[in-house]
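# Structural characterization, general
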Amino acid sequence: MKAFIVAKKDFNILFRSPLAYLTLACFLFISGYFFVSLVAQYQLFSLQAMQMQGVENFTPQEWIIRPYLQNSAVILLFFIPLITMRTFSEEKKLGTFELLLSYPVTEMQVVLGKLLAVAGFIFIALFLNAIGPILLFIYSKPELLPTLAGYGGLFLLALGFSALGIFLSSLTENQIVSASLSFGALLVLWLLGWIKDVVPKSYKELVDFCSLLPHFESFAKGVISGADLAYLCSFLIFFVGLTLLSLENQRWRV
Amino acid sequence: MLKVQHLNLSYGSQQVLFDLNFSLNQGEILGFLGPNGAGKSSTMRILTGYLKPSSGQVLFLDKDISEDPIFLRKHLGYLPETAPLYPELKVAEYLSWVAELKGIVKNTSQEVDKVISECGLSKVKAKLIGYLSKGYRQRVGLAQALLGNPKLIILDEPTVGLDPAQVREIRDLIKKLGQEKTILLSTHILSEVELLCKRVIIINQGRILADEDLENLLKKVEKTLYVLLVAGEVDLEKLKLDLTNQCEIHKIYKVEDGHILEISPKTKNDIRSFVFDTVVKNNGILLEFYPKRSSLEEVFVKMIYRGEVH
């Protein structure tokens, strides 16, 4: 309950700064661009598909929604650090963090509250992001449940990004440093997926395990895979735990 | 109410607080006095549970605050040094948020209105905190500390950076609060302590130099200095000679309407009638005659720079 009160304040503050709107606008513009080009591509290919028989899986689900979700995930990776960078850094810089902890709340509630506020932002972003697919449902017949599963996965993935960003924000008073660190960390986790064919075989499994986006593949396909769900959830819990540890640790030395 | 036992604090290899021991009693305003960098804010942060001491413990109502921090936080009102607030929120909005967070469920808006009027914030309650002047921000800081009727109020330099009128208002408010609450007030402004506190702790370089009632502390250094202003046709040399029978003369200097003498008794006897008679006998007119109190400032400076009062 207290976590919700903390979240309410963070959410209010977030939406009083131009940053949230700018981030939202950029995210929607870029993902919208991808959506439009995917639809255009689909249209072009559908003309050719009429002449040639036997193109497998030529559905809006496979050709539009799935790549759209994957692209949105990568775009979120770039914008979430901008939202999480202020969570703890700002409070520490202002000194309000000290005051916040003089109220009857636990560190856990504070961390969860901050995560909830970011989750609220992500929810709005994804809802607006889903306008394209919703239009698709009006003019075409994609499948509903796989699309919902895909969005669920995207939400969870974005929460994972946020948990990492919040943790890195708890390490520093400087928002720029916090954002850069989060960018760096998320990019590395993304790029890891690219080198998995290059690394020696014995490391392949480790690299596979660490790279974040492959765990979203199944969701994008519209499949809820238990392993990937567990992976994303533990990623989230791991970084919430690290944040708590970092807050606790700083109170010993400040 | 609050007991501090053998408190040590080190930042890395640098020790900041050395074996602090003191206690704070119910219903008292305790002044925590020290020059900048003496360790006041660090101590405050430990007392609120924000900072963990390297060793030692703090007991609030006989409970160790490191074991049950939420118990302390439920009864604590805290104003940190810079009155940190969220500039994006409006005053009333911020205060009701704090009230919610402090777990005030019943009559939240009434509680908020109460502190708003107590701290004189009615005019600005619809304004964004970011647009407020320093004085108003300080008051908002004070208001959030008062919310939820806390048993213990810790104020870290509450009047720093305010103009004289604002300082007076805040002090009046603290004084009023002190009638029913327990307050720990840290400051480096001496007159504030003299005005507000009964007991004072002087701290320098992380060590407690004095922990006493203000009156006792002042008595310690008081030499009962008297100041006289003598006018008229006086033979100054003769007067001096006569006075030295029972007094020691520290200073003589001429002012517009006569001479000022600063004297102190040689023995413990009351010298007042003797002084009066002597001046009159020498054809002097005694225009002023008053004891000069040794102010807290003197005590403070002596303690900080010489380490001792005697």
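What you see is a predicted model, and the numbers here were worked out from it, not measured in a lab.

Here is what the cut-offs are and how they apply
Residues numbered from 1 in each chain as written. Chains lettered and ligands numbered in written order. Predicted model: local features only at pLDDT ≥ 70, side-chain atom pairs only at ≥ 80, totals over all residues. Heavy atoms only, no water. Helix = DSSP H or I, 4+ residues; strand = E, 2+ residues; numbered from the N terminus. Buried < 20%, exposed > 50% of the residue type's maximum accessible area, 1.4 Å probe, protein only. Contact = heavy atoms within 4.5 Å. Domains from an automatic or database assignment. Buried area = accessible area lost by both parts, 1.4 Å probe. Salt bridge = Lys/Arg side-chain N within 4 Å of Asp/Glu carboxyl O. Polar contact = N/O pair within 3.5 Å; in protein donor to acceptor, adjacent residues only side chain to side chain. Nonpolar A, V, L, I, M, F, W, Y, C, P; charged D, E, K, R; others polar. Expected span 1.5 Å × (residues − 1). Bend = angle between axes of the 7 residues up to and from the residue. Pairing = 2+ DSSP bridges. Axes fitted to C-alpha atoms, helices over the stretch in contact; angles between N-to-C directions.

## Description of the environment of Ser211 of chain A
All names here are of chain A. On the secondary structure map, Ser211 appears in the loop between α10 (201-210) and α11 (214-221). By relative accessible area, which is 1% here, Ser211 ends up buried. Residues Ser211 and Leu192 lie 19 residues apart in sequence; the distance between their C-alpha atoms is 5.3 Å. Setting aside anything within four residues of it in sequence, one finds Ser211 in contact with Leu189, Leu192, Gly193 and Tyr231.

## With respect to the domain arrangement of chain B
Each domain of chain B was delimited in the assignment, giving domain 1 (2-219) and domain 2 (223-292). When each unit is reduced to the centre of its C-alpha atoms, the spacing between domain 1 of chain B and domain 2 of chain B is 46 Å.

## Some details on the side chain of Glu157 of chain B
Mapped onto the fold, Glu157 of chain B is located in the loop between β7 (152-156) and α6 (164-177). For Glu157 of chain B, a relative accessible area of 6% translates into the label buried.

## Quick look at the interface of chain B and chain A
Contact residues are listed per partner, giving 29 residues for chain B and 30 residues for chain A. Across the chain B to chain A interface the summed buried area is about 3000 Å²; carbon plus sulfur atoms make up 60%. Looking only at chain B, the three residues that lose the most surface to chain A are Tyr50, Arg73 and Leu101 of chain B, adding up to 26% of its buried area. At the boundary of chain B with chain A, the tally comes to six salt bridges. The salt bridge involving Arg45 of chain B is made with Glu98 of chain A; its shortest N-O contact spans 3.1 Å. Remark: the boundary between chain B and chain A carries 14 residue pairs in polar contact (both at pLDDT 80 or more). Secondary-structure elements contributing two or more residues to the side of chain B that touches chain A are α2 (69-74), β6 (76-79) and α3 (91-101) of chain B. The element that contributes the greatest number of residues to the side of chain B that touches chain A is α3 of chain B, accounting for six residues. Partitioned by chemical class, the residues of the side of chain B that touches chain A number 17 nonpolar, three polar and nine charged.

## Regarding helix α3 (residues 60-84) of chain A
Residues separated by three or four positions in an α-helix point in the same direction, a consequence of the helix having 3.6 residues per turn. Residues and elements named next belong to chain A. An ideal rise of 1.5 Å per residue puts 36 Å on 25 residues; α3 measures up with 34 Å between its terminal C-alpha atoms. Maximal helix bending in α3 amounts to about 35°, located at Phe78; proline Pro81 follows within four positions. Counting buried residues in α3 gives 19 out of 25 residues, a clear majority hidden from the surface.

## Concerning the sheet that holds strand β14 (residues 285-292) of chain B
Residue and element names in this part refer to chain B. As summarised here, the arrangement of the four strands in space is β12-β13-β11-β14, forming an open sheet in which the pairing is antiparallel. Either end of the sheet is taken by a strand with one partner, and the two such strands are β12 (247-255) and β14. On average, each strand axis in the sheet is tilted by 20° relative to the strand beside it, whichever way the strands run. Both strand β11 (residues 225-231) and strand β13 (residues 258-265) contribute to a ladder of five bridges, which runs antiparallel. Residue Leu229 lies in a different strand from β13, and its bridge partner there is Ile260. Those strands touched by helix α9 (residues 236-243) are β11, β12 and β13, and its axis lies near 155° from that of β12. Across the sheet, helix α10 (residues 272-281) touches β11, β12, β13 and β14, and the angle it forms with β14 is around 155°.

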